[in-house]
Structure formats: structure tokens, C-alpha cells
Amino acid sequence: MRIVSMLGAVAVTFAGGVASASTWELDASHSQVGFGVKHLMVSTTKGNFKKFSGTLTLDDKDVTKSNVVVDIDTASVDTDEPKRDEHLRSPDFFQSDKFPKMSFKSTKVEKQGEALLVTGDLTIRGVTKPVVLKVEGFGPEVKDPWGNTRRGAVATTQIKRSDFGLTWNKSLETGGVVVGDEVAINIECELIKKK
């Protein structure tokens, strides 16, 4: 009898844990994965990726127990300049034929005031490094006219592309280089709750 009671308690606890979690899919048609990098040391070239997917498993009772996974199609890079985009797909940069995906998998979520700090493993060209995303504007749930539940957020971070083997560059006669090493990443997220 005691064993039955214990099993029942475990089942209730497990069910409660499952009930407190919700799954959210990144709505690619209303989201953007963007980046910016210095060009010739005088301006910032911006671009984005057209194809990506992501899933957030949200612990509704304790957000720090949540996790997120994002996959990005490197061949979908778009900077509004076809020749530059082709160069970015080449072995000098993403080498998209060999490394078609880059990915982010969270390992820790922390609260920082109204924001969240999401630490995770970022993999580019087969190289994995820890990065921290600052997530802001993680608003309340809203219902759209079609019965879906949505919420949004903005995630930002900064990385060094050389850490991931993206080292192509040219030196300038006046000093400096053609392409900066630091890359600013900005992700505008709109998420749909799975039913």
C-alpha cells in the first residue's frame, strides 16, 4: 500500500512538472536573425538569415528552468549584395556546403532585472563556443485573430568571428582591416505556443 501511495505521489509531481512547461515555436515569418559588422573600419554592414527555426521550452513557474534551441541555415545569409552573399557562403566564411547549419543551444537561464541572460553553446563551422544572449521585452501572452497564442522578445549578443574560424580579411594601407572581427547579433523573436 505504501509503494502504491509513493508511486501516486511521484506521478502527481511529474504531471505537475509537465503541466508547468509550455512549448513555443519561432515564427520565422515574423522574426528576424540579424547581424552587423564593421566594413573598412568606417561603417557597419548589416545582414540577416532568411531561413531559421527555433523552439523554446518555457517553464511557466520558473523561467530559469527553461531552454531554447535555434538552428540557422547559413546559405540563407542576405546582405542585399549577391556577390558579398556568395563570398559569405564560401570557405572564406561560413562554407555553407560543408556546414549548412549554425546552432544555439541554451545551457543556463538567469534573471537580470526585467531581462534574462541566456547562456548557451553557439556552433558555427563545427566550432562550439559559449555565448550569452541578453533577452529583453519578453512580454505577456497575446491571442491573435486566428486563435494562436503569441509572445515576443529581442535577444542580443556580440561575438568574435575569429573564435569560430571565420578569419578571412585584408589589411588596409592606412591601417586596419576590411572586415571587423566583432559581430553584433540581434534576434527579433515572435513565438507561437504549440497547442
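Computed from a predicted model, the values in this text were never measured in an experiment. (Residues numbered from 1 in each chain as written. Predicted model: local features only at pLDDT ≥ 70, side-chain atom pairs only at ≥ 80, totals over all residues. Heavy atoms only, no water.)

(A) Representation of the packing of aromatic side chains. Considering all chains together, one arrives at three aromatic pairs under this definition. With a centroid separation of 5.6 Å and 55° between ring planes, the pair formed by Phe93 and Trp168 is classed as tilted. Separated by 75 residues along the polypeptide, Phe93 in the loop between helix 2 (82-89) and strand 7 (101-112) and Trp168 in the loop between strand 11 (149-160) and strand 12 (179-193) bring together distant segments of the chain. Its relative accessible area of 23% is what places Trp168 among the partly exposed residues. (Phe/Tyr/Trp six-rings, centres within 6.5 Å; stacked < 30°, edge-to-face > 60°. Helix = DSSP H or I, 4+ residues; strand = E, 2+ residues; numbered from the N terminus. Buried < 20%, exposed > 50% of the residue type's maximum accessible area, 1.4 Å probe, protein only.)

(B) Representation of the pairing of strand 3 (residues 43-49) within the structure. Pairing geometry for strand 2 (residues 32-39) and strand 3, over seven bridges, is antiparallel. Bridge assignment links Gly36 to a residue of strand 3, and that residue is Lys46. Here strand 3 runs beside strand 6 (residues 77-78); their pairing, made up of two bridges, is antiparallel. Paired with Asn48 across the bridge in strand 6 is Asp78. (Pairing = 2+ DSSP bridges.)

(C) Fine view of the side chain of Ser96. Considering the arrangement of structural elements, one finds Ser96 in the loop between helix 2 and strand 7. We classify Ser96 as buried; its relative accessible area is 8%. A distance of 3.0 Å separates polar atoms of two side chains, one belonging to Ser96 and the other to Thr74. For Ser96, the residues in contact, after removing those within four places along its chain, are Thr74, Ala75 and Arg89. (Polar contact = N/O pair within 3.5 Å; in protein donor to acceptor, adjacent residues only side chain to side chain. Contact = heavy atoms within 4.5 Å.)

(D) Structural detail: the confidence of the model for the protein. With 90% of its residues at a pLDDT of at least 70, the protein reaches an overall mean of 90. In the predicted structure, residues 1-18 sits below a pLDDT of 50 and forms zero contacts with residues beyond four places in sequence or in another chain. (pLDDT = per-residue confidence, 0-100.)

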